[in-house]
Amino acid sequence: MKKNLMLFVLIFLTVIGYATVNTVLDIKNNINISENNDDFRIEITNLKINSNNNKNLISKDKQSFTFIGSGNDTINYTVTNYSYQYDANIVLVCTPSADIIIDQINNIAAQDRITKSISSENTKEVTCTINIEKISRTDYAEEMCKIEEGTEWKFNYTGDEQEFVVPCDGNYKLELWGAQGGSTGECTGGFGAYSLGEIYLVERQIFINVGGSGIGGLTWEVKNGGYNGGGRAGVNSDTNSYNASGGGATHIAYSSGELNSLVNKRDDIIIVAGGGGGTGYNSAYGCTSKSGSGGGFVGVCSEPRYAPSIKKYMQGCGGTQTRGGEQITENIITLPEEAKSNLGAFGSFGQGGSGTSPWCGAGAGFFGGTNNGYVCGGGSGYIGNQLLKNKLMYCYNCKESNNILEKTLSTNCSSSTPTTNCAKQGHGYAKITYLGK
């Protein structure tokens, strides 16, 4: 029996629909091979001569059969590959070979059976034996996938959806950064959050939407939210008030569309990183609080801001895993009762709350934040997809959680360059890394 030597030190193979098989091949310039021989089994499983069942002519080891020719015989032989891990090349050899035409099986895949025919004019006793060349299915996988482990695909902000065609079946690491909310004057918009996880992807198309940063600056005008759900910033009659829109979320999904369009396709959402809330500035009062950053299981609330002109506190809170800005009541419960009458617009699925006169725009996320006055909350992240493994979210000075479906850690790191475990300044970002089979 021939053996196909394979230059793999460690092989892990999963065949969909069958059991997982692990084998180790240790080849170091010698032929000492340790392999899973128990898995490799190929047999002749059926034999018909002139349409008559002659399984009794198959040898005990099921590798050959013997018959006495009549001079005008048609033989149908069936070979079954019981292996999970190995394909094989099958060549049937008959002795004597004179006056015999063989329809060869050649390649037979794992867990397959093939029937071929023989035409014989030989009148002697003939023995036909299958010669088997073992072929590792891992060889095929390597041939089909030329991508090296550690290969990265990077996605900058473009203001539009981007597509990624999975080059081969395997494990991939997904890293996402949400976008920062807009800044005004010395008032800094909330930072985008960081989400990561690993997932097994098959060859197909997936969709990446990288969030755009909110629009800020000392201009008195309505400002649209950052791409992929950032909340819109409004204006009022006070031309001394300058507001900023919210940052967009970054997400990867099996379905096309911005995050807020996938409300009825939530199972298609793989992972989300929330965007930060926009902020506001007034030339008379300045900036006395910070807008909320994109969060993990819940977006970050802004610091409460007291507005002397209306004698009310203003606070925008972050979206959660179930509703935009849900925790706003909890977060302002210790504030004066009058503050509760000045709540801003709630965010919704994939969408930050939009500012109306004179409010800013909240950050987008799985659920967006809410806005209140000159300060806005961030959107939440999402790692709840059951197929996602080794998953975690980082957000700037945020609430933490140990729940595996919403695990969140707080960080005081922020950077304009996409940095692992660090909140994001500016536009969002996404990175996909191939981890191998």
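Read on for an overview of the structure. The structure presented is a predicted model; accordingly, all values stated were derived computationally and were not measured.

Describing the pairing of strand β30 (residues 429-436)
Thought 1: Along β30, seven of the eight residues are buried, which leaves the element largely enclosed by surrounding structure.
Thought 2: Bridge count between strand β13 (residues 152-155) and β30: four bridges; the pairing is antiparallel. The residue of β30 that forms the bridge with tryptophan 153 is isoleucine 432.
Thought 3: With seven bridges joining them, strand β15 (residues 170-177) and β30 adopt antiparallel strand pairing. Bridge pairing links tyrosine 172 to tyrosine 434 in β30.

Section: the environment of lysine 134
Thought 1: For lysine 134, the position within the fold is in strand β12 (residues 125-136).
Thought 2: Given a relative accessible area of 4%, lysine 134 falls into the buried group.
Thought 3: Note: C-alpha distance between lysine 134 and tyrosine 86 (48 residues apart in sequence) is 6.5 Å.

Topic: the nonpolar core
Thought 1: Phe65, Val79, Ile90 and Ile118 are the most contacted members of the largest nonpolar core, which has 25 residues in total.
Thought 2: Put simply, the parts of the chain that give this core at least two residues each are β4 (42-49), β6 (64-68), β7 (73-81), β8 (86-95), β11 (112-120) and β12.
Thought 3: Residues Leu176, Leu201, Met393 and Ala430 belong to the second largest nonpolar core, which totals 23 residues.

Remarks on unusual backbone geometry
Peptide bonds are, in most cases, trans, and in most cases residues other than glycine have a negative phi.
Thought 1: Residue threonine 95 is joined to proline 96 through a cis peptide bond whose omega torsion reads -10°.
Thought 2: Mapping proline 96 onto the fold places it in the loop between β8 and β9 (100-102).
Thought 3: One non-glycine residue, lysine 62, lies in the positive phi region at around 60°.
Thought 4: Structurally, the position occupied by lysine 62 is in the loop between β5 (52-53) and β6.
Thought 5: Taking relative accessible area as the criterion, lysine 62 reaches 38% and is therefore assigned partly exposed.
Thought 6: Phi is positive for asparagine 421, close to 65°, though the residue is something other than glycine.
Thought 7: Tracing the backbone through its elements, the reader meets asparagine 421 in the loop between β28 (414-415) and β29 (423-424).
Thought 8: Overall, asparagine 421 belongs to the partly exposed group, its relative accessible area being 29%.

Focus on the packing of aromatic side chains
Thought 1: Under the definition given, this model contains 15 aromatic pairs.
Thought 2: Ring geometry for phenylalanine 155 and phenylalanine 164: centres 6.2 Å apart, planes at 85°, overall edge-to-face. Accessibility assignment for this pair places phenylalanine 155 and phenylalanine 164 in one class, buried.
Thought 3: Between the aromatic rings of phenylalanine 366 and phenylalanine 367, the centroid separation amounts to 5.7 Å while the plane-to-plane angle is 85°, which identifies the pairing as edge-to-face.
Thought 4: The exposure class of phenylalanine 366 is buried, given its relative accessible area of 5%.
Thought 5: In this structure an aromatic cluster arises from ring pairing among Trp153, Phe155, Phe164, Tyr172 and Tyr434.
Thought 6: Over the ring of tyrosine 82 we find arginine 41; its NZ or CZ atom is 3.9 Å from the centre of that ring.

The rules behind the values
Residues numbered from 1 in each chain as written. Predicted model: local features only at pLDDT ≥ 70, side-chain atom pairs only at ≥ 80, totals over all residues. Heavy atoms only, no water. Buried < 20%, exposed > 50% of the residue type's maximum accessible area, 1.4 Å probe, protein only. Helix = DSSP H or I, 4+ residues; strand = E, 2+ residues; numbered from the N terminus. Pairing = 2+ DSSP bridges. Core = buried A, V, L, I, M, F, W, Y, C linked by side-chain atoms within 4.5 Å. Phe/Tyr/Trp six-rings, centres within 6.5 Å; stacked < 30°, edge-to-face > 60°. Lys NZ or Arg CZ within 6 Å of the ring centre and 35° of its normal.

By themselves, these are just geometric observations and shouldn't be taken as functional.
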